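Residues per chain are reported as follows:
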Amino acid sequence: MKAAVLDQPLSIGIQEVDMPQVKEDEALIKVHCIGVCGSDVHYYEHGRIGRYVVEKPIILGHELAGDVAAVGAKVKHLAIGDRVAVEPGIPCDRCEYCKSGRYNLCPDVVFMATPPVDGAWAEYVAVRADFLYKLPDTLSYEEGALLEPLSVGFHAMRRGKIGPGDRVLISGLGPIGLLAAVSAKMFGAGRVIGSDVIPFRRELALQMGIDAVIDPLHGNAADAMQDLTDGKGVTAIIETSGNAKAIGDAIRHVKFGGKIVYVGLPTTDQIPVDIPMLVDKELDVFGIFRYANTYPAAIEALAKGNYGIENVITHRYSLDEIKEACEVARTQKDKSIKVMIYPNGGEEK
């Protein structure tokens, strides 16, 4: 089969590789579409993210949906031809984190496209069958692929206990931020405000149903949040940008007794935090690492509402165009949100 192989930073191309061998508890997936994630771009550009280093050629990609092409002997809940979304992290199922339901924290998780594990920028991929989720006819393959980044936002809402009455600021309106805003709507937030320095992203956020947007570089952001909440302030901030100033400012901007959910990773390991203010305001602060137990509920929520998450897809390419796709995602952040790849043709344009 064909796969896109990264052999060194900024060097990626199509190669012929062996088809995956399906184990008895796995299914073979014919990949219909797969997104380009920020982590993929980082590996493509730098060859590493923190302690994860690309030391040998690797296939990237982990946001995907497709069709079941074959099933292992022990797989009973799937049949050839089923349309499925893929959850790309396979935990050990034995450690205390797995047994407590927080399998996203499993130290032995095997996560697609995290070195040295190959991902799914390929025509086919084999996946443990219990991490495959059938898509209802009302959902597209693209929505199925976007379940992975949507799950990050979904998990953030659960961690932050977002619900009716909450006034939520989404800091950063990249793919994760936009889908976190959709998640806030799913969880019944009363008002959702987006913040980003890029006009295109703010405009897209409004098109996707976010109640209001602000530009943090113009005017007083704190005053804008007060105006947009009738003077009540925001009860929760979901910080997805990873910007050091935004991370620190969250403590100042959220109201007393509020919640901060940190999603985006900064480029520096340490950022000053105003602990006296955090304590004085009695804030709840949460960290987010991927997600757990989100796919079934997210699929149900998407199937029942018209959330327009496909609007985050700004570019579409065939697998043969993977180099161009990576470059667009890397260099055109002012006008690209989610780049989608189609390994088996049919939708690229």
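Residues numbered from 1 in each chain as written. Predicted model: local features only at pLDDT ≥ 70, side-chain atom pairs only at ≥ 80, totals over all residues. Heavy atoms only, no water.

### A word on the overall build of the protein
Note the following rule: Counting from the N terminus, the helices are the DSSP runs of H or I reaching at least four residues and the strands are the DSSP runs of E reaching at least two. Burial classification: accessible surface area is computed with a 1.4 Å probe over protein chains only, and a residue below 20% of its type maximum counts as buried, one above 50% as exposed, and the rest as partly exposed. Here, two residues are considered to be in contact whenever any of their heavy atoms come within 4.5 Å of each other. Note on areas: these come from Shrake-Rupley sampling with a 1.4 Å probe, and a residue is covered only by the protein chains present in the view.
Scanning the protein for helices and strands turns up ten helices and 19 strands. For the protein, the spread of C-alpha atoms along the three principal axes comes to 60 × 40 × 35 Å. Taking all 349 residues of the protein together, the buried fraction comes to 54%. Long-range pairs, those at least 24 residues apart, make up 71% of the contacts in the protein between residues at least 6 apart in sequence. Per element, the accessible surface of the protein, about 15700 Å² overall, is 50% carbon and sulfur.

### With respect to the pattern of salt bridges
Defined as follows: In what follows, salt bridge is the name for a side-chain nitrogen of Lys or Arg lying within 4 Å of a carboxyl oxygen of Asp or Glu.
Across all of its chains, the model carries 15 salt bridges by this definition. Here the salt bridges do not stand alone but share partners, grouping E45, E327 and R330 into one network.

### Here's the deal with the UniProt feature "domain: Enoyl reductase (ER)" (unreviewed entry) in the protein
To keep it simple, the criterion reads: UniProt positions are given in the numbering used here, feature names are shortened, and annotations may be inferred rather than shown by experiment.
Feature annotation in UniProt places "domain: Enoyl reductase (ER)" (unreviewed entry) on residues 7–341, given in this structure's numbering. Between the end C-alpha atoms of residues 7–341 the distance is 19 Å, and the span holds 29% helix and 27% strand.

### Examining the nonpolar core
What counts, and what does not: We define a nonpolar core as any set of buried Ala, Val, Leu, Ile, Met, Phe, Trp, Tyr and Cys residues linked to one another through side-chain atoms lying within 4.5 Å.
Ranked by internal contacts, the top residues of the largest apolar core, which has 58 residues, are L147, L150, I170, L178, I238 and V312. At the level of elements, helix 3 (141–159), strand 12 (167–171), helix 4 (175–186), helix 5 (199–207), strand 15 (234–239), helix 9 (295–304) and strand 19 (338–342) are the ones that each hand at least two residues to this core. Here this core gets nine residues from one element, more than from any other, and that element is helix 3. Apart from residues no more than four positions distant in its own chain, L178 is found in contact with L173, R201, L204, A205, M208, I210, V312 and I337. With 42 residues, the next largest nonpolar core counts L78, I322, V339 and I341 among its residues.

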